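Geometric and topological summary
Take a look at the letters that make up each chain.
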Amino acid sequence: RLTEWGIMSFMGRVNYSLKDKYILTFTYRHDGSSRLAEDKKWSGFPSAAIGWRISEEKFMKTVDYLNNIKLRLSWGKSGNTNVDPYQTLGRLGKTYYDWNNVAAIGYTPTVIANSGLHWETTTEKNLGIDYGFFKGRIMGTIDLYDRLTEDLILSRNLPITSGFSSITQNIGSVKNTGVEISMTGK
């Protein structure tokens, strides 16, 4: 069975740095996926980030043991289309039945069409700090994040009386918050 699908993306990014201390980044992606419903294939995903290299400030030059301190703040959206190709289209399956006491082959619907299936989106906010001590011998990051995934692409059970067992839909959301800490040493 041949299965084909495609994804196309356009992306633009603007980076700005002032005195190698203050950093701004803006990004925009516009993605299209053939896996989704006809009028829901395209969606945009913006993001922005600012950074401050505290270690480049004059008041930090006298601190010998610190060599890299950077404070970061970011916000962004991303998308997911993790469904089988043709999932938004109805499907037919082969069935056998009796036609005047003769075995016959027919086709019956096996998957419900879903013309509303669209991108699952995740919005994330992040506050982080990068650090380095003793000329880079100890380095690491600490990140606080808040992530909300909406319009989850999930299979929902249907009453058996509908003639179908399930349908893939955009339902529900998940929120994750937490702290990530990493450290490396040489």
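Residues numbered from 1 in each chain as written. Predicted model: local features only at pLDDT ≥ 70, side-chain atom pairs only at ≥ 80, totals over all residues. Heavy atoms only, no water.

Structural notes on the overall build of the protein
- When helices and strands are tallied, the protein shows 0 helices and 11 strands.
- Along the protein, helices (α) and strands (β) appear in the sequence β-β-β-β-β-β-β-β-β-β-β when read from the amino end.
- The C-alpha radius of gyration computed for the protein amounts to 26 Å, which surpasses the reference 16 Å derived for 186 residues by more than 25%, pointing to a less compact arrangement than a globule.
- Taken over the C-alpha atoms alone, the protein extends approximately 95 × 30 × 25 Å along its principal axes. (Helix = DSSP H or I, 4+ residues; strand = E, 2+ residues; numbered from the N terminus. Rg over C-alpha atoms; globule rule 2.2 N^0.38 Å.)

A word on the pairing of strand S5 (residues 91–99)
- Summarising the sheet, S5 and strand S6 (residues 102–111) pair through 9 bridges and their orientation is antiparallel. Bridge pairing in S6 links Trp99 to Val102.
- As consecutive antiparallel partners, S5 and S6 are separated by 2 residues, and within that stretch Asn100 has a phi angle of approximately 55°, a positive value. (Pairing = 2+ DSSP bridges.)

Regarding the nonpolar core
- Membership of the largest hydrophobic core is limited to 6 residues, which are Leu36, Phe45, Val83, Leu117, Trp119 and Ile153.
- With sequence-adjacent residues up to four places away left out, Leu117 is seen in contact with Leu36, Ala37, Lys40, Val83, Gln87, Thr88, Ile153, Thr168, Gln169 and Asn170.
- By size, the runner-up hydrophobic cluster in this structure holds 5 residues, among which are Ile54, Met60, Leu66 and Ile69. (Core = buried A, V, L, I, M, F, W, Y, C linked by side-chain atoms within 4.5 Å. Buried < 20%, exposed > 50% of the residue type's maximum accessible area, 1.4 Å probe, protein only. Contact = heavy atoms within 4.5 Å.)

Regarding the side chain of Thr123
- Note on placement: Thr123 falls in strand S7 (residues 120–133).
- Given a relative accessible area of 16%, Thr123 falls into the buried group.
- Here Thr123 is in contact with Trp75, Gly76, Lys77, Asp146, Arg147 and Leu148, once residues within four sequence places are set aside.

Details of the packing of aromatic side chains
- In total, this model carries 5 aromatic pairs according to the counting rule given.
- Each ring, one from Tyr97 and one from Trp99, has its centre 6.4 Å from the other, and the planes form 80°; the classification is edge-to-face.
- Judged by relative accessible area, which is 39%, Tyr97 ranks as partly exposed.
- Among the residues examined, Trp99 registers a relative accessible area of 55% and is labelled exposed.
- Consider the rings of Phe133 and Phe134, whose centres lie 6.2 Å apart with planes at 40°: the pair is tilted.
- Note on Phe133: relative accessible area 25%, which makes it partly exposed.
- The class for Phe134 is partly exposed, based on a relative accessible area of 47%.
- One aromatic cluster in this structure is built from Tyr131, Phe133 and Phe134.
- Here the basic side chain of Arg35 rests over the ring of Trp5, its NZ or CZ set 3.7 Å away from the ring centre. (Phe/Tyr/Trp six-rings, centres within 6.5 Å; stacked < 30°, edge-to-face > 60°. Lys NZ or Arg CZ within 6 Å of the ring centre and 35° of its normal.)

Concerning the environment of Leu152
- Looking at the element boundaries, Leu152 is found in the loop between strand S8 (138–150) and strand S9 (153–157).
- Judged by its relative accessible area of 14%, Leu152 falls in the buried class.
- As for Leu152 and Thr168, which are separated by 16 residues in sequence, their C-alpha atoms are 9.9 Å apart.
- When sequence neighbours within four positions are dropped, the list of residues in contact with Leu152 reads Glu120, Gln169, Asn170, Ile171, Gly172, Ser173 and Val174.

Considering the sheet that holds strand S2 (residues 22–33)
- Within the open sheet, the 7 strands sit side by side as S1-S2-S3-S4-S7-S8-S11. Their pairing is antiparallel. Edge strands, defined here as strands with exactly one partner in the open sheet, are strand S1 (7–18) and strand S11 (173–185). Neighbouring strand axes in the sheet, compared pairwise and without regard to direction, differ in orientation by 10° on average.
- In this sheet, S8 lies alongside S7 in antiparallel orientation, the contact comprising 13 bridges. Counterpart to Phe133 in the pairing with S8 is Ile138. (Axes fitted to C-alpha atoms, helices over the stretch in contact; angles between N-to-C directions.)

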